[in-house]
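An overview of the molecular structure
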Amino acid sequence: MDSVSEVEAAADRLAEEAGLDEDERFHVAMAVREAAVNAVLHGNQYDPAKQIAVSMENTGTALVFTVADQGKGLNPDTLPDPLAPENLLRGSGRGIFLIRSFMDEVHFRQLHPGTELTLVKRLASAGEQT
Amino acid sequence: MALTIASREVDGVTVLDLSGRITLGEGSVQLRDAVRDLIGKGQKHILLNLEQVNYIDSSGLGELVSAYTTARNQEATLKLLKLTKKVHDLLQLTKLYTVFDIYDDEAKAIGSYR
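The structure reproduced in this document is the subject of the present report. Computed from a predicted structure; not experimentally measured.

Considering the sheet that holds strand S5 (residues 102-103) of chain B
All names here are of chain B.
- Pairing is mixed across the open sheet formed by 5 strands, whose spatial order is S1-S2-S3-S4-S5. Each of the sheet's edge strands pairs with one partner strand only, and the pair in question is strand S1 (4-10) and S5.
- Of the strand pairs in this sheet, strand S4 (residues 77-81) and S5 are connected by 2 bridges, and their pairing is parallel. Residue leucine 81 lies in a different strand from S5, and its bridge partner there is tyrosine 103.
- Strands in contact with helix H3 (residues 85-93) are strand S3 (45-56), S4 and S5; relative to S3, the strand with the most contacts, it is inclined by about 105°.

What follows is the structure, encoded as structure tokens:
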């Protein structure tokens, strides 16, 4: 889990450098952390032989993060809704929901093997200039 | 900062004062062990004081839910006290605010077990 904390800290730094306020930084760092946790835990299933690949970039108009694992793949359409009454008391299944809640765009791409998530947080100042 | 847990008794209620982060690998296991230990000893009234918990991730949220259901299944009651804004917002977002009995005032929380 050390790598996850490093990824979270790096995402937080990028968000701070981009001028996001504290709440937005918290959201971005948490979303990226959740994506990294998913990659290690559900994607690679803690297999030490498998790695996660993370990239992060400030494009000037958005913060763009990618997190890829080497697991069996993930179909986001099959994930149970954590807000459904029958799922509220489940002990897991909220990570992707939080990522979608905190980021402006979330894209899934199937790799062979693995899954790549792309998380996008648009920068408000860039939008105001257009 | 990892999670630290201090336990105290107030009028028959065990208050766990949590401080730090409740995340996968940093606090969720400690929380699980602490709650299960209390329930194993027959404690029926458990109050989690989250005033000093400034970060919780999806695993930590799941651990709170598991603690709640574990307590309920053993006919114990687990409630929450003094959420920070971040934790409050996360519980609202995930609709877990509707699951837990949540208090801002410790005396009222303690009194609610009577």
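On we go.
As for the nonpolar core
- Formed by 63 residues in total, the largest nonpolar core has its most connected members in Leu119 of chain A together with Leu48, Leu50, Leu78, Leu80 and Phe100 of chain B.
- It is helix H2 (residues 22-43) of chain A that contributes the most residues to this core, 10 residues altogether.
- The residues contacting leucine 119 of chain A, other than those within four sequence positions of it, are Ala31, Val32, Ala35, Leu63, Val64, Phe65, Ile99, Met103, Glu105 and Val106 of chain A.

Considerations on the pattern of salt bridges
- As enumerated under the stated definition, the model contains 17 salt bridges over all chains in all.
- Here arginine 25 of chain A and aspartate 12 of chain A are joined by a salt bridge, their closest N and O atoms 3.1 Å apart. Taken together, the positions of arginine 25 of chain A in helix H2 and aspartate 12 of chain A in helix H1 (residues 2-17) put the pair 13 residues apart, joining distant regions of the chain.
- Ionic pairing is found between arginine 32 of chain B and glutamate 63 of chain B, a salt bridge with its closest N-O pair at 2.9 Å. Residue arginine 32 of chain B is found in helix H1 (residues 28-40), and its partner glutamate 63 of chain B is found in helix H2 (residues 58-73); the two are separated by 31 residues along the sequence.

Rules used in this analysis
- Residues numbered from 1 in each chain as written.
- Chains lettered and ligands numbered in written order.
- Predicted model: local features only at pLDDT ≥ 70, side-chain atom pairs only at ≥ 80, totals over all residues.
- Heavy atoms only, no water.
- Pairing = 2+ DSSP bridges.
- Helix = DSSP H or I, 4+ residues; strand = E, 2+ residues; numbered from the N terminus.
- Contact = heavy atoms within 4.5 Å.
- Axes fitted to C-alpha atoms, helices over the stretch in contact; angles between N-to-C directions.
- Core = buried A, V, L, I, M, F, W, Y, C linked by side-chain atoms within 4.5 Å.
- Buried < 20%, exposed > 50% of the residue type's maximum accessible area, 1.4 Å probe, protein only.
- Salt bridge = Lys/Arg side-chain N within 4 Å of Asp/Glu carboxyl O.

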